[in-house]
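Each chain is listed here by its residues.
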Amino acid sequence: MLLAEDGAVNRQVAVDLLTKRGHRVEAVGNGQEAVEAAEHGSYDLVLMDVHMPVMDGLAATAAIRALARAECARLPIIALTASATPADRERCLAAGMDGYVTKPFRASELFRVVEQYQPKPASAVAGPATAIPEQPAAAEASALDWDGALSNLDGDAALLRELAAMFLVEYPKLTAAIDAAHAGGDAAELRRAAHTLKGAADVIGAGGVVTAAQRLANLGREGRLEPVPEAQRALAAELDRLRPLLQRAASGA
């Protein structure tokens, strides 16, 4: 199958979960790359993020549908979206998509939707047993819901530690992109970077960062840049609160 997802953390989640399930996955980082891959490759399913740079998932889906030949079977395209309102679903279906998976990914939902179109291979290895995580203190739980993130990943503690380490590497790049977008007056790029950060934080259960990043994404969508510095400070405070918790979790301590 083909996976189109610009967020490094979400991309890694989907690839790891599906590969361990026995599926073969090829990943690209934006809609234009997805269209090119669909044109030149052979896939039986596409997982398409809705919000991506260069070309978004809706436009990419329309382009792939335009490539279809009459003698070929319809290529199933599944939307990957953090928004699952009725209007969002209708927009995805109207663009030519066949279904959707919500983010942050939940292993059970991802497998259920994918395997409607691509059955689980008989040779697939069994998933890891669900580990019983150490319960965080109440003050820490509001910053990092490790239990919830672990449940979403089918109890794969090693994968979650890998994603936590990846988040520590990726988030400074995204906050730098937010800073640059604000300095340049680019509301669309600010929204994209904040949305990507929000998605990565959601995967690891960082609720405070999710809320702060969503605030910035909303400001970018609305084109309101004056309140951005205050929202950036709130985000920085949440990241400062999260960092030591995540470093400890990523190390397995």
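Refer to the structure presented above.
Notes on the structure follow. (Residues numbered from 1 in each chain as written. Predicted model: local features only at pLDDT ≥ 70, side-chain atom pairs only at ≥ 80, totals over all residues. Heavy atoms only, no water.)

In this fold, Glu109 is placed in helix 5 (residues 107-114). Nearest to the buried, unbridged Glu109 among oppositely charged side chains is Arg112, at 4.4 Å. Setting aside residues no more than four positions away along its own chain, Glu109 makes contact with Tyr100, Val101 and Thr102. (Helix = DSSP H or I, 4+ residues; strand = E, 2+ residues; numbered from the N terminus. Buried < 20%, exposed > 50% of the residue type's maximum accessible area, 1.4 Å probe, protein only. Lys, Arg positive; Asp, Glu negative; His and termini not counted. Salt bridge = Lys/Arg side-chain N within 4 Å of Asp/Glu carboxyl O. Contact = heavy atoms within 4.5 Å.)

A word on the packing of aromatic side chains. Applying the stated criterion across every chain yields a total of 1 aromatic pair. Over the ring of Phe111 we find Arg21; its NZ or CZ atom is 4.3 Å from the centre of that ring. (Phe/Tyr/Trp six-rings, centres within 6.5 Å; stacked < 30°, edge-to-face > 60°. Lys NZ or Arg CZ within 6 Å of the ring centre and 35° of its normal.)

So, about helix 10 (residues 207-222). Taking 1.5 Å as the rise per residue, helix 10 with 16 residues should run 22 Å; its terminal C-alpha atoms sit 23 Å apart, in good agreement. Elements in contact with the buried residues of helix 10: helix 8 (157-183), helix 9 (187-204) and helix 11 (228-251). Directly after helix 10, the chain includes Gly223, whose backbone phi takes a positive value near 70 degrees. (Expected span 1.5 Å × (residues − 1).)

If you look at the biggest cluster of nonpolar residues, it comprises 59 residues, and the most contacted ones within it are Leu47, Phe167, Leu197 and Val209. Sorting the residues of this core by element identifies helix 1 (8-20), strand 4 (77-81), helix 5, helix 7 (146-152), helix 8, helix 9, helix 10 and helix 11 as the ones contributing at least two each. When residues in this core are grouped by element, the largest group, 11 residues, is from helix 8. When neighbours within four sequence positions are excluded, Phe167 is seen to be in contact with Val9, Pro172, Leu197, Ala200, Ala201, Ile204, Val209, Leu239, Leu242 and Leu246. (Core = buried A, V, L, I, M, F, W, Y, C linked by side-chain atoms within 4.5 Å.)

Note that all results are geometric; they support no functional claim without further evidence.
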